[in-house]
Each structure stands twice: as structure tokens, then as C-alpha cells.
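In case you want the letters, here they are:
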Amino acid sequence: MLESPYPLWSLLGILFFALNIAAGLIWLERRLLGLWQDRYGPNRVGPFGLLQVVADMVKIFTKEDWIPPFADKWVFIGAPAIVVATVLMGFVVVPVTSGIVIADLNIGLLFFLAMSSLGVYSVVLGGWASNNKYALLGGMRAAAQMLSYEVFMGLAVMGTVLMAGTFSLGGIVQAQARTIWYVIPQFLGFVLFVIAGIAETRRLPFDLPEAESELVAGFHSEYSGMKFGMFFVGEYIGLVLISSMITVLFLGGWLGPWLPALVWFLIKVFGCIAFFILLRASLPRPRFDQLMTWGWKIMLPLALANLLVTGAIVVAVR
Amino acid sequence: MPKIHIDGRSYDVAPGQNLLEACLGLGFHLPFFCWHPAMGSVGACRQCAIKHFKDEADAKANGGRLVMSCMTAAEEGIRISVDDPQVVAFRASIIEGMMLHHPHDCPVCDEGGHCHLQDMTVMTGHNYRRYRFSKRTFRNQYLGPLINHEMNRCIQCYRCVRYYREYAGGADFNAFGISDHVFFGRERDGVLENEFAGNLVEVCPTGVFTDATLKQHYTRKWDLRWTPSVCPHCALGCNTSPGERYGTVRAVFNRYNSAVNGYFLCDRGRFGYEYLSSPERVTLARQRRDGVRADLTPEAALAQLTQAAAGVAADPPGRWIGIGSPRASMESNFALRQLVGAERFFAGVEAHEWELDTRIAAILRQGAVHSPSLGEVERCDAALVLGEDLTQTAARMALSLRQAMRQQPLREICDPLKIPHWLDHAAREAIQGEHGPLFLATTAATKLDDIATHTWRAAPDDVARLGYAVAAALNLDQDTAGTVTAEWRAAAAEVADALLAAERPLIVTGVSSGNRGQIEAALAIAAALAVRGKHPAVSFVLPECNTLGLALLGARPLPEGMDMVRFGLAHGAIVVENDLFRRAPAEEAKAFLAQLDQHGGHLVVLDQIRHATADAAELLLPAAGVTEGSGTLISSEGRAQRFFTVAAPTPNRAESWSWLEAAQGHTPALDDMVAQLCALVPELEPLRQAAPPATLRLAGQKVARETHRFSGRTSIDAAIEVSEPKPPVDPDAPLSFTMEGYAAQPPAALIPYFWSPGWNSPQAQLPYQQRINAPLRGGDAGVRLLEQVAGSQFPCAGEPPPRFEPKAGRWLIIRLYHLFGSEVLSGLGRAVGSLAPDAYVALNPADAERAGLKEGDAVRVEPDGRRGYQVPLRLLPELPVGVAGVPAGFAALDGAGLPHWGTVTAEAPHA
Amino acid sequence: MFSILRTIWDVFLHAFAKRVTIQYPEQKAYLAARYRGRIILSRDPDGGERCVACYLCAAACPVDCIALQATEDPNGRRYPEWFRINFSRCIFCGLCEDACPTYAIQLTPDTEMSEYRRQDMVYEKENLLIDGVGKYPGYNFWRVAGVNIGGKDKGESEREAPPVDLHSLLP
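Residues numbered from 1 in each chain as written. Chains lettered and ligands numbered in written order. Predicted model: local features only at pLDDT ≥ 70, side-chain atom pairs only at ≥ 80, totals over all residues. Heavy atoms only, no water.

## Details of the interface of chain A and chain C
Counting residues at the interface gives 13 residues for chain A and 16 residues for chain C. Across the chain A/chain C interface, buried area totals approximately 1300 Å², and carbon plus sulfur atoms make up 61% of it. The interface formed by chain A and chain C contains two salt bridges. Residue C:Arg19 is joined to A:Asp38 by a salt bridge in which the shortest nitrogen-to-oxygen separation is 3.8 Å. Those elements giving two or more residues to the side of chain A that touches chain C turn out to be helix 1 (7-36) and helix 10 (261-282) of chain A. (Contact = heavy atoms within 4.5 Å. Buried area = accessible area lost by both parts, 1.4 Å probe. Salt bridge = Lys/Arg side-chain N within 4 Å of Asp/Glu carboxyl O. Helix = DSSP H or I, 4+ residues; strand = E, 2+ residues; numbered from the N terminus.)

## As for a nonpolar patch on the surface
Taken together, the side chains of A:Tyr6, A:Leu8, A:Trp9, A:Leu11, A:Leu12, A:Leu15 and A:Leu19 present a nonpolar region at the surface, about 740 Å² in accessible area. Given a relative accessible area of 36%, A:Leu11 falls into the partly exposed group. (Patch = residues over 30% accessible without salt bridge, like charges linked within 9 Å, V, L, I, M, F, W, Y side chains within 5 Å. Areas by Shrake-Rupley, 256 points an atom, 1.4 Å probe, with all protein chains shown as cover. Buried < 20%, exposed > 50% of the residue type's maximum accessible area, 1.4 Å probe, protein only.)

## Looking at helix 4 (residues 108-130) of chain A
Between its first and last C-alpha atoms helix 4 of chain A spans 34 Å; for 23 residues at 1.5 Å apiece the expected length is 33 Å, and the two agree. Following helix 4 of chain A by one or two positions, A:Asn131 adopts a phi angle in the positive range, close to 60°. (Expected span 1.5 Å × (residues − 1).)

## Observations concerning the interface of chain C and chain B
Between chain C and chain B, the contact holds 47 residues from the first and 47 residues from the second. The tally of links from chain C across to chain B stands at five salt bridges. A salt bridge links C:Glu72 to B:Lys215; the shortest N-O distance between them is 3.0 Å. Taken together, the elements giving at least two residues each to the side of chain C that touches chain B come down to helix 2 (56-60), strand 2 (66-72), strand 3 (78-86) and strand 6 (160-163) of chain C. Per element, the largest residue contribution to the side of chain C that touches chain B is six residues, and it comes from strand 2 of chain C.

## Focus: the sheet that holds strand 20 (residues 438-442) of chain B
All names here are of chain B. With parallel pairing, five strands are arranged side by side in an open sheet as 21-20-19-22-23. Lying at the two open borders of the sheet, with one neighbouring strand each, are strand 21 (454-457) and strand 23 (537-541). Taken over all neighbouring pairs, the strand axes of this sheet differ in orientation by 10° on average, direction set aside. Pairing of strand 19 (residues 382-386) with strand 22 (residues 505-510) involves four bridges; the strand directions are parallel. From the neighbouring strand, Ala383 faces strand 22, where its bridge partner is Leu506. (Pairing = 2+ DSSP bridges. Axes fitted to C-alpha atoms, helices over the stretch in contact; angles between N-to-C directions.)

## Some words on the pairing of strand 27 (residues 631-634) of chain B
The alternating pattern of strand 27 of chain B places B:Gly631 and B:Leu633 on one face and B:Thr632 and B:Ile634 on the opposite face, and all of these are buried. Counted along the chain from strand 27 of chain B to the antiparallel partner strand 28 (residues 639-643) of chain B, the turn is four residues long, and its residue B:Gly638 has a positive phi close to 95°.

## What about the domain arrangement of chain B?
Interface size is often expressed as the accessible area that is lost when the parts come together. Residue and element names in this part refer to chain B. Here chain B is partitioned into domain 1 (3-98), domain 2 (285-348 + 555-680), domain 3 (356-548) and domain 4 (811-906). Distance from the C-alpha centre of domain 2 to the C-alpha centre of domain 4: 31 Å. With both chains or domains summed, domain 2 and domain 4 bury close to 890 Å², and 55% of this area falls on carbon and sulfur atoms. Interface area lost by domain 2 to domain 4 is led by Arg582, Glu587 and Ile609, which between them contribute 58%. Our enumeration of links across domain 2 and domain 4 arrives at one salt bridge. At the boundary of domain 2 and domain 4, one finds two residue pairs in polar contact (both at pLDDT 80 or more). At the level of elements, helix 22 (580-583) and helix 23 (586-598) are the ones that each hand at least two residues to the side of domain 2 that touches domain 4. Tallied by class, the residues present in the side of domain 2 that touches domain 4 amount to five nonpolar, one polar and five charged. (Domains from an automatic or database assignment. Polar contact = N/O pair within 3.5 Å; in protein donor to acceptor, adjacent residues only side chain to side chain. Nonpolar A, V, L, I, M, F, W, Y, C, P; charged D, E, K, R; others polar.)

## Description of the environment of B:Val82
Residues and elements named next belong to chain B. Topologically, Val82 is positioned in the loop between strand 5 (79-81) and helix 3 (85-98). Judged by relative accessible area, Val82 falls into the buried class, the value being 2%. The spacing of Val82 and His52 is 30 residues in sequence and 9.2 Å in space, taken between C-alpha atoms. If we skip the residues at most four places from it in the chain, Val82 touches Ile6, Asp7, Cys23, Phe28, Leu30, Ile50, Val87, Val88 and Arg91.

## A few points about the state of the cysteines
Formally, a disulfide is one covalent bond, and it connects the sulfur atom of one cysteine to the sulfur atom of another. Residue and element names in this part refer to chain B. According to the stated counting rule, one finds zero disulfides over all chains in the structure shown. Looking at Cys48, it has no disulfide partner, and the nearest cysteine sulfur is the one in Cys70, 3.7 Å off. Among the residues examined, Cys48 registers a relative accessible area of 2% and is labelled buried. For the unlinked cysteine Cys380, the closest cysteine sulfur is that of Cys238, found at 17 Å. Classification of Cys380 as buried rests on a relative accessible area of 3%. (Disulfide = S-S within 2.5 Å.)

## Some remarks on the sheet that holds strand 2 of chain C
Residue and element names in this part refer to chain C. Spatial ordering of the open sheet is given by 2-3-5, a layout of three strands whose pairing is antiparallel. The open sheet is flanked by strand 2 and strand 5 (122-123), the only strands paired with a single partner. Of the strand pairs in this sheet, strand 2 and strand 3 are connected by seven bridges, and their pairing is antiparallel. Looking at strand 3, one finds that Leu68 is bridged to Phe83.

## A closer look at the confidence of the model for chain A
Averaged over all residues, the pLDDT of chain A equals 85, while 99% of them reach at least 70. Element-level mean pLDDT values for chain A span from 79 in helix 8 (residues 212-215) of chain A up to 89 in helix 10 of chain A. (pLDDT = per-residue confidence, 0-100.)

## Some points on the nonpolar core
Residues and elements named next belong to chain B. Tyr163, Leu390, Leu401, Leu438, Val470 and Ile525 are the most contacted members of the largest nonpolar core, which has 210 residues in total. Top element by residues in this core is helix 19 (residues 516-531). It accounts for nine residues. With near-sequence residues (within four places) excluded, Val470 lies in contact with Leu384, Ala492, Val495, Ala496, Leu499 and Ile525. (Core = buried A, V, L, I, M, F, W, Y, C linked by side-chain atoms within 4.5 Å.)

## Looking at helix 7 (residues 187-200) of chain A
Residue and element names in this part refer to chain A. When the terminal C-alpha atoms of helix 7 are compared, their 20 Å separation across 14 residues agrees well with the 20 Å that a helix rising 1.5 Å per residue should span. Along helix 7, eleven of the 14 residues are buried, which leaves the element largely enclosed by surrounding structure. Within helix 7, burial applies to Gly189, Phe190, Leu192, Phe193, Val194, Ile195, Ala196, Gly197, Ile198, Ala199 and Glu200. In this fold, the buried residues of helix 7 make contact with helix 4, helix 5 (133-164), helix 9 (225-250), helix 10 and helix 11 (288-317). Remark: Arg202 follows helix 7 within two positions and exhibits a positive phi of approximately 55°.

If you want it as C-alpha cells, here you go:
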């Protein structure tokens, strides 16, 4: 169990960084996509186009904030808040370093899974409240997709829990310090978790709830202005959260030689984020039925197998 | 019903058709040029070739021979092929031949876009000129302000000369030259004389003859916004399709109605639309207060009209009068009558004429006689015309009568020879110069004289006496037959015999002679024919587009209204679409206006055009013309027909009924007006069916006024405001102002224009017909209000008037009619106005010599008790002695109550 | 599975590839002569207006952004009295150019026509008509058309015989 010496400062720091990194990711993602698509990305506003983020924010805050007359008004307004809130709650249990953590709960991992599952309400309610066929289809897809992938996401990390013997995320990192980064013994779990993580954050190639080419913009078709912005920001914070979780669970958290712990953590997190963006740049979107088939018929059995084998080995070693 | 076999499939077709008609009626795309539905076949162009098989075996063996479908009767069991590769290739080669000399003109040709030659070229698949040698060229002729000539484009189908000479009876147009050099035109440049020359524009399959008025503001057919409309320029109610773009009407096309105008219009109807953009139009509301005129905004004008309407309601009864108009729609007259009350509603018609109008309305209303449609006129086989110069007063009827006069020779000469009537030149060769019995008793020469069996020129009273003499000759049981009118006994016997011998006799008379006796005589003849077992039709020719409607609505005569003002019983008048100076003697009209002014009274005028009454109005409101508003007109036949606006509504213009309704705080709605009208005047009930209500939706849509190719909708108004406004909505019609709407065939009263796939020219109307020359699918437009009632007693016909006696030094001044100029509205148009005659007075040369006058002398014509006018003298040999003629439409004498005795004197030299 | 990984790797390698972006406006892209940009009205080689106001461009326009009115000079030569293109609606599809029978309306490789006010995107004839033949030198519709205009009588067009003498009876 980690205890932060300055819990309030940790809280404010993490909140500040999470939100700002989310904003910065808008720029980073566009630059990286440009990089991998033989072009530049935003490069006109400020140095390296960095102020593009500011311009985008100014724009999104001043856009007409339109609530469709046919929408369910209060649910429509509430839905975007849920996604941001649940994702931010997820950060509560993330141990950035041994000293920077808000609350290293002994059931930290379960708390993360719970928050991640709650996020689905945002999408479903947003799609439902929009009272628009594309939004509803997007919302329905999101519900099915996130519930399915939630299942083996939880199972995939059970291997690490078995090996570390704790649900506390700080404990898991410390366990890795004693042995080895779990990405090696738990490689299958790592791969499954990464896949599930992408699906959970609804990022390409698993962005079926939005699927521009078939559903206009899916569950947020009717959203504009900062309400749309909330979904947008929620997605990027979610990306940071999942990357943090991968780092903590499989990549040894803040562990690493020479450099300060915080720097190691950030390097690993941004490495994950960059990888996610690379996936977006390179992979096409599967069909929805393929997605579900994969989830239930391949991923879930693999996750169960991983759990059984890991459990067997752990019992045998003891 | 003969069964024919086309490409192995069997079809039932109507009997008596040729194969081309049958194939077109069945929807086959068979190209043709020289055949015309109204003019039959001559087999000149060879374009409609098909394959004819001997029998089934021949068809199976793919034998057969080429025949022209237009020259072959659709007989029982005939086997043909339309798609046979050999005939397809043949038709392509024919059109290639026609295109050898056709110039490279389409982009600058006015026919482009509704060109039959273009359609046929596309239909046959010819697209590249292989012939490398030079094209022959012609010089064009000046054919007048109505028709443009571009002879290079001719394909020598002969339709024009057949139409002009054989169908319309013109003489000043012909085919000249031989071989490659056949030229269609006049002997020398000059205005085409025939009153129906404008139809050449639609008859010509290509751009040799085009509408010269359209050329002034040229627009392609596909770019026009069309509407179903009715011609307002005479009482026959021909159906028209006016086309509008950028806010002005660009052209008027014929709208097929088998019962009325068929395929043709007269030139007044086709070209008269130009008055809509005449400088004489009232475009802004105006007030005149203390002699100062000021333009009003539409809101201010409506406020003032509302004030006047409130005055009408508040005043003690009789303080305001309303004066209706025979050229205003039923709704406009009715709205005025509702506002002022039936007791204070007066007919804006010259008193003498009004007497005749109401008499005719009473006769028709009683159902005493059968009033024929123009379609029926075309099928009658003997006719007597009493006192009407039909070509000038009811032009389209003259064209129908010209065709009717072929009925008897067709029956008696062609039928025994088994020549089908559609085999036009064979039939004409057989008939030669024969005509059916047509008797014209008129005051002056007419353009139908060339086909008349007998013509008589006589003073109006004498014409009436001839009519009575015919009736007497038909009345076997009267011993006194013809004793009173003995001078006409021989003529009467001839007419009576011919009418008795006919299957469908027709008597035509009207109000243009201003003679009650002629109307009564026509009635007496009809009564006598009925007694003799005939079913005569009587056509009453009326002067204006809604004269019969106003008479059926009922109104008090104009002089009574003027008297109310004179005696101080009324101090305000609302005049709807009327000029009192044309309806009452000038001095009386002037006195009426002066008295109104004197009593501090009010004069409100709603009209389309400016005139003396409008200039005197305290409040003048711009009324919509027929193409700018909606309403119902009742033609002289008794057919109620609805017209709809083609122009988008603007605040500065509304139908008179719309102004009057808005002034009373109602929301103007045509269907409400019609419902109220039908509720109050039950015998007008069928008028409701004149057109579907505004709520009608076909497959959930309105009918589109614009063609689906209409261009420029995002650019037309972009110079004013780049954001496109919502398209205007017409609350009075199930028609949209845009290209969005029902694409299939709507009910006939709602067809804005004819177009069908592959057919852009006027021939596009053929697929709209039940079969060729039959009514439109779903029935023709309009509804007949006044049908003959079986067993109805003929109204008493009165006594013949006394013989006309010339008086020394005095003349009976009558009106002579001119197609161009005698009607007020069309006369304001640029082209039609330029063809209208200047004022004149016509005398018999003998009379003139006696009075010591020469052609061209300035003379003073002065009806007794009326103001005189100085006009040049014309000598007219056909005019009876003792009669002087002045042109109708000559504003100064229109209200004088002609015929009227008066003097024609040499203008005294200035002292 | 392997192909997915290879795809990811291949895309990653693009990080080191040459950029294809052209840094407009410092750098200008090459636009071919037949590029579909701003629309102009051209003149024939004799300097006369090519447009004969046939309305075909307006009819062909899928967004209906062309409107014009035909008129004629005293010699019978037809031309547009006014000609308006609403470029705020134009989609630069080039169908007007395809439809034009006289090569009058042409699309040019000029795309720099942004405005702050949409109203300024409405071009009238004086904004459209240029003093040149554009892409198609040499062609003059009136030299082949059968109508006579000032300076060209009947029978004087290309491949035309002299006008027929109506008073001759020779075939």
C-alpha cells in the first residue's frame, strides 16, 4: 500500500496533467498521424503547430451548443459528463510513482474495472437521448462492445493479480520490482489487455460506436460544442488511463534505472499512447459481428486459458 | 375494336385510325414529321416507316415490306414490326438525309429544347453528319412582328403550308421552287395575313417559324415556369400554358383540350400576353388626394382599402356601389358583390350590350338550347352565322367552323370512295373545292367568305329579319311563313333546306352587332329545327372572357348605378377591372366621376391597366392579370375553367378578390371563395369541379410548375441576396412554384405544360391523350355549367324588327371588329398593338360619293347626342348603304352604345 | 495475424519517408491547363463574345448556379444580356464546359477565389468575360452557324452554298 506524502497535491497534479495531456494529445495524435501518412499535420499555429490546441479549444468553446428539440434534454446534457467523470475517477488508483498517488486502494484494480464499466453509461445514454437512429445504433454498439470486452479485460489482468498476490496497483508494481515486468511472464495477458483496452476506449480500429462511414458520428452525431468536446476529451483521458494501466500492470510502472521514477512512468505511458496512435494509423475497422465474434470466441477462451495456466503455475511454484 | 400485332404482341386499338396513330397511342416511340394529329397524313417525309407482314408465316420468316405507318390503316389482324433492324436503319437514313442541309444552329435556334427535329434525331440515333459537301442556304423573309422566319432550318415536311393554306385557309403563304430549292414563305416580305399564323410556331417541327415575341426575351422551354391558364382575350376560353421566367411571361403555348381549342390558338391569344409588361400596367398602388397623386406601399394601400370596406359596411345601405367587370374572374365579381351587396352590385358593361348578355344568360340557364363546345362546332355539318364576324370576334371558332365545313364533303364524297378521313391529301383531292353548307349573314365582309355557300351583307336589323325568315321557312304549320320578311324568302328557303338536311346543324350569333333581333331569330330557328326533329346547336358569341359569368352571377345595369350617384343615393364606388369610359358614353362617365367628386365621394379602382377611370380614382390598386392570379372564368360555351398564377406572388399585386377579401379582414383563399359562390348561386355549383382544390396532393406532392430541367435556381436572385429564400407557396392551387412535384400526368386542369420522356416538342401532348385526338387522360379541363334541359320550353322569340331604311345624311354607326385591337388588354401588347388598326370610320363608296367624301378624308363621326371624333375615312364596298362602321376597341366610341344613329361629316376647315 | 503486425510496422516506417505536403501558399502546386477552377467566358479569335446564350450550361449545371438572359444585337448575333454564376454554389464539376457548344465557358486553373462575404462569390458577366480564347484557339461558332450576323451573310459560313435564287426554275 502506497501512501502519498502530499495526497492533495497529488490529486491536483494528476487532475491537471490528465486534463492537459488529453488536450495535448489532440495535437500529438494529429502530428503522429501526419508523420505516418507522409505529411506534416498541424504546423501553422505557433511553434510546431502547438497552439493548434488553443485554437481548437477556442473554437469548441465558442461553437453553438445545440440541444436538438427532439432530444431527451437532461439525459442529453448529462451523458457527456459521465464519461469524463468515470475516467477521471479511474485515475484515483493509478500510482504514478511511489509518492504520487491519490489513493492506492487494496482493490485498486477492481475499482478501475468498475469505473471503466460505468463509462459505458455515458455512451449509451448519449446515443439514446439524441433520439436519432444513428446515435442509437452507435450507443447500442458501444454497450455490446464494452460489455463484451470488459469481461476478458478483467480476466486478462487476473494473471498479474495471481502473480503479484494483490489487487493493489502499487502492490503490483512493487511485485514487479521484486521479480520482472509482467509483460514477459504474462505476455498473453498483456496482448489481451491491450486489445481490450483499445476496445474500452472505443479507439480505432475498434471505434464502431462512431463509425463515421456508416453511422455519421455514432452516439455523438447530435452533439456539438463543448458537449461534443467532453466526449472528445473523455476519449483522450481514457487513452491516457489505459496507457497508465498497461504501464502499471505490465511494464513495471515507474520502475527503471537512472532516470527519475516520474520520467520513467511518463516515457512508458507515452510509448503506449504512441503505439495506440500507430494502430489507428495502420489498421482498418472490423465489422461489428467480427468484433463480437473475436471477443467471445477467441479472446474470452484465451483469457480463461491464460488465467488457468497462470494459476496452475503459481500453485505449482508454491 | 381491331386487334393489331406489333412485333409479335397483340393490341386492341380504336377503329378508324392509321398505324402511326395506333402506335403512338400505344406508347411506341415512332418518329414522324409530316403527320399532324389535326391534319392527318400525307406520307411526305417517309420517317414513320414500319415493316408490314403478309401473314404470320411472313412475320416468322422475317419477310415483310416497308410501309409508311401514317398511310396504312390499322385494320383487324394486321401484323407489323416497329423494331425491325431494317426499318430502324431506314428511319435513321431518312433523318440523315433531312439533316444534310440542316444548319449548325441549335445553340442560337429558338426551337432548341422543344424541337421535334431534335427529338426525332435523338430517337433514330443519328448523331454525326457524314455528308461533306456544302449546305444549301436561303434568305429569310420578314413575316411580321409575331413570327420569325429562318428558312435554312427547313426539312421540307410541308406541314406549314398544309396548315396555313388547307387547315387555316390562308392564301398569302405557299411553297415555292422545286427539287432542293423548295422554299416556304410569302411571295414577298410582309406580315402574314392569317389570324392563326402563330400556330406555325408549334406546327413547324423545327425552327423555321419561331415566336418573334419570345425572341425579344428568349428563354428555353425547359427554363420556363408554366401554369395551366385560360386565355383572357375573348370569350371562348381556350386553354393556354403561359411560361414565365425572371418575373415576366415569355411565351404562351397551346394547352390541349379536345373540347375547346384542340391544338391551335388564335394569334391574339398566343401573342396578346405582351400586355402584361406594357407600360400601361398598374404596378403600384396609388392614391389621389386633392389632385395630388402619390404611390402607396402595399400595406398602406390595404389599410386604405380596409377603411373603404369598413365604410361600405358602416354606411346606411346604398351609400356605396360596386361595379363588376366581364373581364374579371367570377371570384373577383363575387367578392365585390358580397362586399357591397347584391342590390348595389352593377355590371360594368355597356347598357345595351348588357341587355343582350343577360338575355343570352337567361336562354342558356333555362336549358332551352344546346350550347356547343368548340369541339362540337368542329363536327357540325351545316352552319348559319347571324351577324358575327367570327374570325375577328371569336377567332378560334372560325377555325373550328372551317374544319366543320369539311364534314359534309368527307361524308358524301370520301366515304363512298372508302377514303379514310385521316388520309388527308387523298381526301382533299376527292373533295376538291367542296364545302359544307355555311351561310354568313353579316354586316361586312368576313374571312370565312371563301368557304361560305352563300353570304349576305345587310344592316343588323335585316340580318335579324333573315333569321326570322329562316325560322318562318322551317315552321310548316304557319301559313304566314315569311310574309313579314318576304324580301328574304328565297334565301331563307335555301338556308332552311340546308339546315334540315344536316345531321348536326349549328346556328351562330352573338352580341357584337348589338342586335337583340338576331339572338331572338337564332332562338326561333333553333325552336323550329327542334320541332322538325333536329338537334340544333346554338353558339352565342360573347365579347369578353367572363361576360357569361357576370351575367349568370347577376347584376343591375350600369346606368342604374350611375343614377344612384347622380341622385345622391351613393357617395362611393368600387370599380373592379373596368374602365367606365368604355362602358358608358364618355360624357356620362365624366359626369359620374364629377358627381362622385362633388359629393365628396370616393372612387376605388382595382385594375391591371391604366385608363381614364383609374386615373380619376381616389385609390387605385394593382390587380393581377390572368397569369398572375387565380380564379375561374366562364366561357361563352358555359364552361367554367380555372386559371392559376404562373408568377410568384408579390405584395404589390393581387387578384381583385384577394384585395377585397383582405380588406374585410379575411384570409384570401380561392377555395373559400368558390365554396361561398356555389352556396349563394346554386346553379353555379358545378364550378367547384372546374379544378381540384388547393389541398389536392398526388402521391403526397403538389404538381410542379417548373420543368425538371429548370436551371439557375441558386443564381437567379443571387445578385440581390446570395442566401436563397424559401420558395413561395401558392395557397390557391395544388401547384408548387418549383421543380419539385408530382412527375406523372396530373388531372387535366392542373397540367402546367406537356412533356414526356423523349418528347420535348409540342408533340409531347400526344401521350397525354387517351388516344390520338381524344380527350386527355382523366377527362378534359373545365366543367360545363349549362346543359340543355330536355323538354324545356323555348323562350318567346318576339317579333322581327322593321326593315332597315337608310336615312339621308345620317348613318347607323356600327362597330367593326378586329382580332388585333378590339380587345383592350391584348391591344396594349407591343406586337399585337402594332398590328391594331388606327381609328377610322368606314362607309360604302356610294354613300361616300353622295356625301362628297373620299378615302382618307378627315371626317367627324358623331353619334346622336354623343361627342364627335375626328377620324380618317375608309371606303368599304361590302358595307351596306346607310351603315357606317367604326373599329371596336376605339376607346372614344366604345361606350357610345353602338349601333347608334349619327352623322359622318367632312371636318370643317379651320376658320 | 502476421499481416496485421507487418502493416503496423510498414506504417511505422513511413515516419522516415519524404513528406508529400506542398506548403501552400509559400509553395504553389502545379495545376494543369485543364484543371477545373474558376470559370470564365472567352472570346472568339475575332474578339467577339463566344457565348451565344444557348442556356445549355445552365441546364447542365447540377447545382443550378448559372443564370443568364439571351439577347440579340441589331445584326442578329445572339449574346447574353447578363450572365451570372453563383460561385458559392459552384462545385467546379465542369459540366457547363462539356455542354458548351461554342467553347465559350471554360474552367481555368485558378482556385484562389476565397471571399469573406458570400455575396462576393456572385460573379456577373463583367467578372467572367476575358479578352482571350482560353484553351481553345481558332474556333468561332458563327463561322459555321447558318444564321447571318453582321459581317456574315447567308451562304458565307463554312461549307455553305450561296443562297438559293427563288426566282430560278432550274432544279
